[in-house]
Amino acid sequence: MRGVLRAVFLALLASARVSAAHQEWPWNDASLPPAQRAQMALDQMTEQEKLSLVHGVIAAPWGGKPKPDGSIGSAGYVPGIPRLGIPALQETDAELGVANPGDVRPGDTATAMPSDLALASTWSPELARLQGQSVGAEAHAKGFNVLLGGAANLIRDPRGGRNFEYFSEDPLLTGIMAGSLIGGVQSRHIISTIKHFALNAQETDRVVLDARIDPAATRESDLLAFEIALERGRPGGVMCAYNQVNGSYSCENNWLLNEVLKTDWGYPYFVMSDWGAVHSTVRSAIACLDQESGEQLDTENFFAAPLSQAIADGAVPEGRLDDMARRILISIFAHGLADKTDVSEPVDFAASDRTALAIAREGTVLLRNQGLLPLPADTRSLVAIGAHADRGVPSGGGSSQVIPRGGIAAKEQIGENQAMIFDPGSPLEAIRLQFPHARVDFDDGSIPARAAEAAAKADAVILFVDQWMTESADAQSLSLPGEQDKLVEAVTRANPRTVVVLETGGPVLMPWLEKAAAVLEAWYPGQMGGEAIAAILSGAANPSGRLPVTFPVSEDQLPHPKIRGDPSGAPSGPVGRGGHYGAMFTAVYSEGAAVGYKWFFERGEQPLFPFGFGLSYSTFALSELAANVSGQTVTARATVRNSGKRAGTAIPQFYLTGPNGANILLRLVGWDRVDLEPGEHRGVAVSIDPRLLATFDQGARRWQIQPGSYKLTAGFDSRQRELTANFELQPASLPP
Ligand code: BGC
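Everything numeric here is computed off the predicted structure, so don't read it as measured data.

Reading the values: rules and limits
- Residues numbered from 1 in each chain as written.
- Predicted model: local features only at pLDDT ≥ 70, side-chain atom pairs only at ≥ 80, totals over all residues.
- Heavy atoms only, no water.
- Helix = DSSP H or I, 4+ residues; strand = E, 2+ residues; numbered from the N terminus.
- Rg over C-alpha atoms; globule rule 2.2 N^0.38 Å.
- Buried < 20%, exposed > 50% of the residue type's maximum accessible area, 1.4 Å probe, protein only.
- Areas by Shrake-Rupley, 256 points an atom, 1.4 Å probe, with all protein chains shown as cover.
- pLDDT = per-residue confidence, 0-100.
- Contact = heavy atoms within 4.5 Å.
- Pairing = 2+ DSSP bridges.
- Axes fitted to C-alpha atoms, helices over the stretch in contact; angles between N-to-C directions.
- Near = heavy atom within 4 Å.
- Polar contact = N/O pair within 3.5 Å; in protein donor to acceptor, adjacent residues only side chain to side chain.
- Parallel < 35°, antiparallel > 145°, perpendicular 65-115°, else oblique.
- Left-handed = near helix turned anticlockwise from the far one by under 90°.
- Nonpolar A, V, L, I, M, F, W, Y, C, P; charged D, E, K, R; others polar.
- Disulfide = S-S within 2.5 Å.
- Core = buried A, V, L, I, M, F, W, Y, C linked by side-chain atoms within 4.5 Å.
- Salt bridge = Lys/Arg side-chain N within 4 Å of Asp/Glu carboxyl O.
- Arc of directions from axis to C-beta.

Caption draft 1: The arrangement of the overall build of the protein chain in detail. The helix and strand inventory of the protein chain stands at 18 helices and 31 strands. A globule of 736 residues ought to have a C-alpha radius of gyration of about 27 Å, and the protein chain, at 26 Å, matches this closely. Dimensions of the protein chain along its principal axes, counting C-alpha atoms only, are 75 × 65 × 65 Å. Out of the 736 residues in the protein chain, the part that is buried amounts to 63%. Here the protein chain has roughly 26100 Å² of accessible surface; of this, 52% comes from carbon and sulfur atoms.

Below, the structure written as structure tokens:
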């Protein structure tokens, strides 16, 4: 009884506290619209308080000074305004797991999720949302309220250093997956960003690169990915990029920030800079940057005293500072940052693990299988070779690097200052569990002749090869690093019953392809990756991953056969205060919207593996393709059937080609993921986003549907599209 009374008393006390808080701060009334709450708070703020919201610091020891007071320790911190109940922004990277840069929170670990490329290979918005929920929950429990995630840049170059953080070369796939992930993060009382807005398509010289591109083409490609992700995920912040776009830095680019983002798309929240991406006070403020991040990395604290001075001088209208602060406050209120402060909820790590495992399993792509996989259950002897497969799986480097729960499994030094980090979950151990009756040996692969000898003795070989990719640097070639191609040659010669498991940050060349009986692309599969790979090898899981990027046969097939810029000379990352950013150099994206598979299609080039491709242990058939048109609503329908002997997942894909003048060479316009028992069939229907039927008219600043006959095709990848249905469209304009 006393316990009940105590509970009642505590509840009354809590509600008294809440109402006291409400009396003190009427804007804490969560039933009011965020914009109204923001205005009420803003009305009480001094100019200094508004200014304090619009610039943040690195939340780690820096320049001889300790970690800023009040910060948890992470990428960024913006102090709050306790007088008004406005919380500090505690900002952490990123969507692959909660990062811990330089071990600033000693010993703190997080679930290491598979790379975004693995996630995109699932083509599953549900899994993207689950990943966002898990990472968001872990971030929230650590006290963070801003996740610097939502990396929605298009993969324009397969050598891009951050491709593992990005989703795909296609705007629809990227937009849907990134938006779903952002939505998941934000369901956990966290603001998610979307980044890096825009055209941060390569790492080489990223701070001195001016990306030149036709504005209409980028509305149909890179910006369309952001637009779709913004609509779907409603991220509370947009992070502008390091590079320039058409002659103006992204963070002071009036066209990008003012015209496209805030006007055409009506974006209500705030734009924060990337760390070290601000170059001016007045230009940035006028062009609509709302917050300078990690100001120690900029050459000046542009949004601190210089902004105050610019307002005093009349160079920046005072109303603009209000607008910046209001946008930040709206986002804070809209995402519950001022309402929900309880971080005591225990994290469901089992759910994080289940999600990580499901993504790794469903995002692994079976690229080739000459009858070797799944390996028979009665296999007597196996040898696993290479890539620290006895310890763990590789991960990508840079700001998104996670220190995995369970600790770092292995480290490989790269140059003087960098290390490739292996997440736990030993594939070797997982293979042993899947094949309890087999002898499973390991060879580290460092001596090809020795590895070949071990391979020759085994019933089958599982050969792991890897490629380390990191922020700030691109791959200089698409070949597997080091001597790994030679290792594959030697091992496959010794034993053709070899499955090559690629653990890469993007596409690689495979000069040995014909010699390997099977090839699996496992990407960076995260800390449950070893288990996922083993389940696919044994057939406990049927592979369902499909490529979100084209694998070229050679770099000569790419729009830019060589990475532009100087990988060794000019700075490739943000330069500290007083450092210079070097001379700008121009990278012309003359391919425009013809990114990835569209480029290959336009040029009639045959890739090594096309976008959308992936095998299963079953087979599928598509039939009865139809396009139903009602005004600007086009619905694609087809029937998909499991024509094989095992249950499996089909991913039927719909593509569109437009009439002359429509500039629609080939576009993915929809897909579905369908689980089917053998012999089972199911109807799929996809409503096509009208923007994918349209061409962007830059002069009129709107999407136009051109009249004429359109061709809908369907198949299981971007090349194998055997079904066709034609339909007519009338001319129409869509809003911007
Ligand atoms: C990266 C961002 C990251 C930020 C904070 C920058 O170098 O480009 O993606 O969120 O650092 O760590």
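From this point, the discussion proceeds with the structure in view.
Caption draft 2: Local environment of the confidence of the model for the protein chain. Chain-level statistics for the protein chain give a pLDDT mean of 94 and a share of 94% at 70 or above. Across residues 1-23, confidence stays below pLDDT 50; counting only partners more than four residues off in sequence or on other chains, it has 2 contacts. Long-range and interchain partners of residues 576-580, a stretch whose pLDDT sits below 50, account for 12 contacts in this model, where long-range means more than four residues apart.

Caption draft 3: Here's a closer look at the sheet that holds strand S9 (residues 270-273). A sheet is described by the order of its strands in space; here 6 strands give the open sequence S1-S2-S3-S4-S6-S9, paired in mixed fashion. The strands lining the two open edges of the sheet, one partner per strand, are strand S1 (76-78) and S9. Sheet topology note: the strand S3 (residues 146-147)/strand S4 (residues 191-197) ladder contains 2 bridges and is parallel. Directly across from Leu-147, in S4, lies its bridge partner Ser-192. Sitting on the sheet, helix H6 (residues 171-186) touches S3 and S4, and the angle it makes with S4 is about 150°.

Caption draft 4: Local environment of the site of the ligand. As a structural note, the neighbourhood of the ligand is formed by 13 residues, with Asp-93, Arg-162, His-196, Asp-274 and Glu-471 the closest of them. One nitrogen or oxygen atom from the side chain of Arg-162 is found 2.7 Å from an oxygen atom belonging to the ligand. Contact between the ligand and Tyr-242: an oxygen atom at 2.8 Å from a side-chain N or O atom of the residue. Calculation on the ligand without its partners gives an accessible area of 310 Å², and the protein chains cover 92% of this total.

Caption draft 5: Geometry of the packing of helix H15 (residues 448-457) against helix H16 (residues 484-494). It is the contact of H15 with H16, at a shortest axis distance of 8 Å, that shows an interaxial angle of 25°. Viewed along their axes, H15 and H16 adopt a mutual orientation that is roughly parallel. Between H15 and H16 lies a crossing of right-handed hand. Note on element contacts: H16 touches H15 through Leu-487, Ala-490, Val-491 and Ala-494, opposite Pro-448, Ala-451, Ala-452, Ala-455 and Ala-456. Here the contact of H15 with H16 is composed, by residue class, of 9 nonpolar, no polar and no charged.

Caption draft 6: Summary view of the state of the cysteines. Enumeration over the complete set of coordinates arrives at 1 disulfide. Linked covalently through their sulfurs, Cys-240 and Cys-251 form a disulfide whose S-S length is 2.1 Å. The chirality of the disulfide connecting Cys-240 with Cys-251 is right-handed, given an S-S dihedral of about 110°. Of the two residues, Cys-240 is situated in strand S6 (residues 237-240) and Cys-251 in the loop between strand S8 (248-249) and helix H9 (254-264); the sequence distance between them amounts to 11 residues. Classification of Cys-240 by relative accessible area gives buried; the value is 0%. Overall, the relative accessible area of 1% leaves Cys-251 in the buried class. Free of any disulfide, Cys-288 has its nearest neighbouring cysteine sulfur in Cys-240, separated by 11 Å. Note on Cys-288: relative accessible area 7%, which makes it buried.

Caption draft 7: The arrangement of the nonpolar core in detail. Counting residues in hydrophobic clusters, the biggest one holds 154 residues, and the most contacted among them are Ile-86, Phe-197, Leu-307 and Phe-654. Discounting residues that sit within four places of it in the chain, Ile-86 has contacts with Trp-27, Ala-41, Leu-53, Gly-80, Ile-81, Leu-329, Ile-332 and Phe-333.

Caption draft 8: Representation of the side chain of Ser-221 in the model. For Ser-221, the location among the structural elements is in the loop between helix H7 (215-219) and helix H8 (222-233). Judged by its relative accessible area of 0%, Ser-221 is buried. A distance of 3.3 Å separates a polar atom in the side chain of Ser-221 from a polar atom in the side chain of Arg-156. Leave out the neighbours within four places in its chain, and Ser-221 touches Leu-154, Arg-156, Pro-171, Gly-592, Ala-593 and Val-595.

Caption draft 9: Expanded view of the pattern of salt bridges. For the coordinates displayed, the defined rule picks out 36 salt bridges. Here Asp-170 and Lys-598 are joined by a salt bridge, their closest N and O atoms 3.9 Å apart. Residue Asp-170 is located in the loop between S3 and H6, and its partner Lys-598 is located in helix H18 (residues 597-603); the two are separated by 428 residues in the primary sequence. Assessed through its relative accessible area of 1%, Asp-170 is described here as buried. Residue Glu-220 pairs with Arg-667 through a salt bridge whose shortest N-O separation is 3.5 Å. One end of the pair, Glu-220, is in the loop between H7 and H8; the other, Arg-667, is in strand S24 (residues 667-671), with 447 residues separating them in the sequence. Each member of the pair Glu-220 and Arg-667 is classed as buried. Residues joined in a network through salt bridges with shared partners are Lys-262, Asp-290, Arg-320, Asp-323, Arg-326 and Arg-327.

Caption draft 10: Just the environment of Asp-214, in detail. Within the element layout of this structure, Asp-214 appears in the loop between strand S5 (209-212) and H7. With relative accessibility at 45%, the residue Asp-214 sits in the partly exposed group. A sequence separation of 452 residues divides Asp-214 from Leu-666, and the C-alpha atoms of the two residues are 18 Å apart.

Caption draft 11: Expanded view of the sheet that holds strand S26 (residues 681-688). A sheet is described by the order of its strands in space; here 3 strands give the open sequence S20-S21-S26, paired in antiparallel fashion. The sheet is open, and its two borders are formed by strand S20 (620-630) and S26, each paired with just one other strand. Across the sheet, the mean angle from the axis of one strand to that of its neighbour is 20°, orientation sign disregarded. Where strand S21 (residues 633-642) lies against S26, 8 bridges are found, and the strand directions are antiparallel. Its bridge partner being in S26, Thr-635 is matched across the sheet by Ser-687.

Caption draft 12: Looking closely at helix H11 (residues 305-312). Among the residues making up H11, those that are buried are Leu-307, Ser-308, Ala-310 and Ile-311. All buried residues of H11 project into a common sector of 160° when viewed along the axis, lining one side. Away from its buried face, by an angle of more than 90 degrees, H11 presents the exposed residues Ala-305 and Ala-312. On its buried face, H11 sits against helix H3 (47-53), helix H10 (282-287) and helix H12 (318-334).

Caption draft 13: The arrangement of the pairing of strand S28 (residues 702-705) in detail. Pairing between strand S27 (residues 695-697) and S28: 3 bridges, direction antiparallel. Paired with Asp-697 across the bridge in S28 is Arg-702. In textbook terms, the turn of a hairpin is the stretch between consecutive antiparallel strands, and for S27 and S28 this stretch comprises 4 residues, one of which, Arg-701, has a positive phi near 55°.

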